[in-house]
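Given next are the chains, with one letter for each unit.
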Amino acid sequence: MNARIGMRLFSGAALAILVVVFGCSEDAIIGAGIENESPEVWLSSGPVEGTTTGYQIHFYWGGWDPDGEIRYFEFVVVDGFPLGFHREDTSGIDKWRRTSVFDSVFKVSADDSATEVFYGGHSYTRYDRAHTFFIRAVDLEGKRSDPVYRSFTAWTLAPYVEITMPRPQNDRNATVSLGKVIKWEWRGVDPIDSPDNVQDPESIRYLYHRVDSPGFGYMPEYDMVLDLNENPWRYEEDWSPWISYRAAGDSGRSTWLGDDEILELRRSHIFAVQAKDEAGAVSAIFTRGWNVRQFIVSVTASPFLTITAPYIGGFQFTGTNLRPQKRDLPPGVELNFRWIGDATAYGGEITCYQYG
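Per the secondary structure count, the protein chain includes three helices and 23 strands. For the protein chain, the proportion of its 356 residues judged to be buried stands at 35%. A separation threshold of at least 6 residues defines the contact pool for the protein chain, and within that pool the share at least 24 residues apart is 69%.

Right, let's get into the sheet that holds strand β22 (residues 313–318). Read across the sheet, three strands follow the order β22-β21-β23 without closing on themselves; strand pairing throughout is antiparallel. The sheet is open, and its two edges are formed by β22 and β23 (338–342), each paired on a single side. Taken over all neighbouring pairs, the strand axes of this sheet differ in orientation by 15 degrees on average, direction set aside. Pairing geometry for strand β21 (residues 304–309) and β22, over six bridges, is antiparallel. Each bridged residue has a counterpart across the sheet, and for Ala 309 the counterpart in β22 is Gly 313.

Counting 19 residues, the largest nonpolar core has Leu 178, Trp 184, Trp 186, Ile 204, Phe 271, Val 273 and Phe 295 as the members making the most contacts within it. Contributions of two or more residues to this core are made by β10 (160–165), β11 (176–178), β12 (182–194), β14 (203–210), β19 (268–276) and β20 (292–297). Residues contacting Ile 204, with those up to four places away along its chain left out, are Trp 186, Pro 241, Trp 242, Ile 243, Tyr 245, Gly 252, Val 273, Gln 274 and Ala 275. Residues Val 41, Trp 61, Phe 75 and Phe 133 belong to the second largest nonpolar core, which totals 18 residues.

The next point concerns a nonpolar patch on the surface. Among the surface-exposed residues, Tyr 311, Leu 329, Val 333, Leu 335, Phe 337, Trp 339, Ile 340, Tyr 353 and Tyr 355 lie close enough to one another that they form a single nonpolar patch of about 980 Å² accessible area. With respect to the secondary-structure elements, Trp 339 resides in strand β23. With a relative accessible area of 37%, Trp 339 lands in the partly exposed category.

Calculation criteria
Along every chain, residues carry numbers that run from 1 in the direction the sequence is written. Residue-level local features of this predicted model are given only where pLDDT is at least 70; pairs of side-chain atoms are given and counted only at 80 or more, and the full residue set underlies all totals for whole chains, interfaces and linings. The basis for every side-chain value is the complete set of non-hydrogen atoms in the structure, without hydrogens or water. Helix and strand definitions follow DSSP, with helices as H or I runs of at least four residues and strands as E runs of at least two, each counted in order from the N terminus. Per-residue accessibility, obtained with a 1.4 Å probe over protein chains only, is compared with the maximum for each type, and a residue is labelled buried under 20%, exposed over 50%, and partly exposed between these values. Note on contacts: a residue pair qualifies if any of its non-hydrogen atoms lie within 4.5 Å across the two residues. The pairing criterion for strands is at least two bridges between them, as found by DSSP. Inter-axis angles, ranging from 0 to 180 degrees, are taken between N-to-C directions of lines fitted to C-alpha atoms, where helices are fitted over the stretch in contact. To qualify as a nonpolar core, a set must consist of buried Ala, Val, Leu, Ile, Met, Phe, Trp, Tyr and Cys residues joined through side-chain atoms within 4.5 Å. Note that patches include only residues with greater than 30% relative accessible area and no salt bridge, and the join distances are 9 Å for like charges and 5 Å for nonpolar side chains (Val, Leu, Ile, Met, Phe, Trp, Tyr). All accessible-area figures derive from a Shrake-Rupley calculation using a 1.4 Å probe, and residue coverage is judged against the displayed protein chains alone. By convention in these notes, a salt bridge is any Lys or Arg side-chain nitrogen within 4 Å of a carboxyl oxygen on Asp or Glu.

Next up, the structure:
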């Protein structure tokens, strides 16, 4: 009997143990689960909400995670203000860029709402565009904070261009005679936020066009420069592709016209150059003699030749009419001739000399 009672007690104890082990929840062994809290982020410096600033903006931000660490930040810059931008610009993880730093300088576009402004009596084109900067934090478990944002309007002054070759005439409004093959050169300047704070433009493009009146064909007296200012859309297909201002071979600062193109002889044409800055602002004002020239293609354009020699002085000639000069000298005088040609007045370039 004692043996049977002992077994019963053992069995009961074993049962009790089993109930204790398997009747408890997992939390009793490893502790209750804690939900991961979202990190937080804030903007510590940048333009004041809704203000107008330059197109290069320095933002500073910070963040923390109450139950862990921040792994990185994500940011996006969109056009418009919070109530005016397109929501799809921030929808989707592919729209956001990662960063592990706590500040950065952003260059944004300023290529809208062109207005004419004056500095020191000179006219400039001012552009601006509204933007909103969003940033959020991501913790080690991939949880994201609510984003914070700052809206601002970026502005810049448009670059300008001066055609330097062929050399400008005293009367910049005059229609000049140029050769069948013309080398054009120009100089671009990009005022960032004032006429004194300048840099090179980002890119340029150029066009040439016979002076045609819309719907009437060739009309040399037609004011095509005025039409280019008032109806720029009409000439959009005539522009070259945008070329980097620092392109190799000075191709962003010069071009030949007439080597691959056929310019109609004795016909009036215009040539114009336009510049764009890194904010997307484009020179929109075309002025005769500065960034646009009107010219006639001439077959009589000829280089200017200057010849000098000791004892007999210097002589100048234009074109093929040499107008021979005669001088009488005593025998035995050594002559040392020097010469230089200049074709820049009509956009040409000296390639060789002949003498005899």
